[in-house]
Amino acid sequence: MHHPKTTFTSLAAACTLIAACGETPAEQEADRMEDQVEMEADQNAYAASNEEAALGMTEEELLNADLVTADGTDLGDIEAVRRDAAGAVTGLVIELEDTDPDRWVEVPMDGLTARPDGDDMDVQTGMSAEDLSALPDAEMGAMNSPV
């Protein structure tokens, strides 16, 4: 019997190789980076279990949420939770909506609120798509700090 994480990682790598056919080197690098970010985020969410991370949500709930405006417009997907050395959530790494190649920015927690979306939750910001686009690219080398 295979360990679920090993199987998942192998499956993700195979999918990346298949998807890479016909893509430019920049697109392949963006895909590789996205796979790495998602894998690290999933591992950290699993380690955090059901503990509240921020905004009354667990880390897993945050990773399943979208970043939206007050009117519910989708601005991007939450890809990772940033923490300080003490484990407190300091920001969210967002994959911006409609960018090619993919682009990630870090949004600080100040001004973010939880917003119900049916049975799920999203994270609401007062920032616009233009505000998010003006943020610098997120540092992708050190995704999450200790949980």
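Since we're looking at a predicted model, the values are computed, not measured.

The rules behind the values
Residues numbered from 1 in each chain as written. Predicted model: local features only at pLDDT ≥ 70, side-chain atom pairs only at ≥ 80, totals over all residues. Heavy atoms only, no water. Helix = DSSP H or I, 4+ residues; strand = E, 2+ residues; numbered from the N terminus. Buried < 20%, exposed > 50% of the residue type's maximum accessible area, 1.4 Å probe, protein only. Polar contact = N/O pair within 3.5 Å; in protein donor to acceptor, adjacent residues only side chain to side chain. Contact = heavy atoms within 4.5 Å. Core = buried A, V, L, I, M, F, W, Y, C linked by side-chain atoms within 4.5 Å. Pairing = 2+ DSSP bridges. Axes fitted to C-alpha atoms, helices over the stretch in contact; angles between N-to-C directions. Patch = residues over 30% accessible without salt bridge, like charges linked within 9 Å, V, L, I, M, F, W, Y side chains within 5 Å. Areas by Shrake-Rupley, 256 points an atom, 1.4 Å probe, with all protein chains shown as cover. Salt bridge = Lys/Arg side-chain N within 4 Å of Asp/Glu carboxyl O. Lys, Arg positive; Asp, Glu negative; His and termini not counted. Charge placed at Lys NZ, Arg CZ, Asp CG, Glu CD. pLDDT = per-residue confidence, 0-100.

Visitor: Help me understand the side chain of Thr125, please; the structure alone is not making it clear to me.
Guide: Among the structural elements, Thr125 can be located in the loop between strand E8 (120-124) and helix H4 (129-134). Classification of Thr125 as buried rests on a relative accessible area of 6%. A distance of 3.0 Å separates a polar side-chain atom of Thr125 from the backbone nitrogen of Met127. With residues up to four places along the chain from it excluded, the contact list for Thr125 reads Leu67, Val68, Thr69, Ala70, Leu75, Gly111 and Leu112.

Visitor: Quick question: what am I supposed to make of the environment of Val105 here?
Guide: Among the secondary structure elements, Val105 is positioned in strand E6 (residues 104-108). In this structure, the C-alpha to C-alpha distance between Val105 and Gly76, residues 29 residues apart in sequence, is 9.9 Å. Discounting chain neighbours no more than four positions away, the residues touching Val105 are Leu92, Val93, Ile94, Leu96, Leu132, Leu135, Pro136 and Ala138.

Visitor: Whenever I open this one, the nonpolar core confuses me. Can you help?
Guide: Most often, soluble globular proteins keep nonpolar side chains buried together rather than apart. Counting 21 residues, the largest nonpolar core has Leu62, Leu67, Leu92, Ile94, Val107 and Val123 as its most contacted members. Elements supplying a minimum of two residues to this core: strand E1 (52-54), helix H3 (59-63), strand E4 (74-83), strand E5 (89-96) and E6. The dominant element in this core, judged by the number of residues it contributes, is E5, at four residues. Those residues in contact with Val107 that sit more than four places away from it in its chain are Leu67, Gly91, Leu92, Ile94, Leu112, Met127, Leu132 and Leu135. One finds Ala80, Val93, Ala138 and Met140 within the second-largest nonpolar core, a separate group that totals five residues.

Visitor: When you look at the sheet that holds E5 in this model, what are you seeing that I'm missing?
Guide: Sheet strands pair by backbone hydrogen bonding; their relative direction is either parallel or antiparallel. Strand order in the open sheet formed by six strands is E6-E5-E4-E3-E8-E7, with mixed pairing between adjacent strands. The open sheet is flanked by E6 and strand E7 (113-117), the only strands paired with a single partner. Taking the axes of each pair of neighbouring strands and ignoring which way they run, one obtains an average angle of 45° across the sheet. With seven bridges joining them, E4 and E5 adopt antiparallel strand pairing. Note on E5: the bridge partner recorded for Ala80 is Val93.

Visitor: What is the right way to read a negative patch on the surface from this model?
Guide: Where like charges cluster on the molecular surface, the negative patch consists of Glu60, Glu61, Asp117, Asp119 and Asp120. Residue position: Glu60 is located in helix H3. Assessed through its relative accessible area of 45%, Glu60 is described here as partly exposed.

Visitor: I would appreciate a short explanation of unusual backbone geometry in the present structure.
Guide: Excluding glycine, residues mostly have negative phi values, and the peptide bonds linking residues are mostly trans. Note the cis peptide between Asp100 and Pro101, where omega equals 0°. With respect to the helices and strands, the residue Pro101 is situated in the loop between E5 and E6. You will see that Asp98, though not glycine, has its phi angle at about 60°, which is positive. Position of Asp98 among the secondary structure elements: in the loop between E5 and E6.

Visitor: Mind showing me how you'd approach the confidence of the model for the protein chain here?
Guide: In low-pLDDT regions, the fine details of the predicted coordinates are not to be read closely. Chain-level statistics for the protein chain give a pLDDT mean of 80 and a share of 68% at 70 or above. Element-level pLDDT for the protein chain is lowest in helix H1 (residues 4-19), with a mean of 47, against a maximum mean of 97 in strand E3 (residues 66-68). Contacts from residues 1-12, a stretch scored under 50 in pLDDT, to residues over four places away or in other chains number five contacts. Contacts of residues 143-147 to residues separated by more than four positions or lying in other chains number 23 contacts, the stretch itself having pLDDT below 50.

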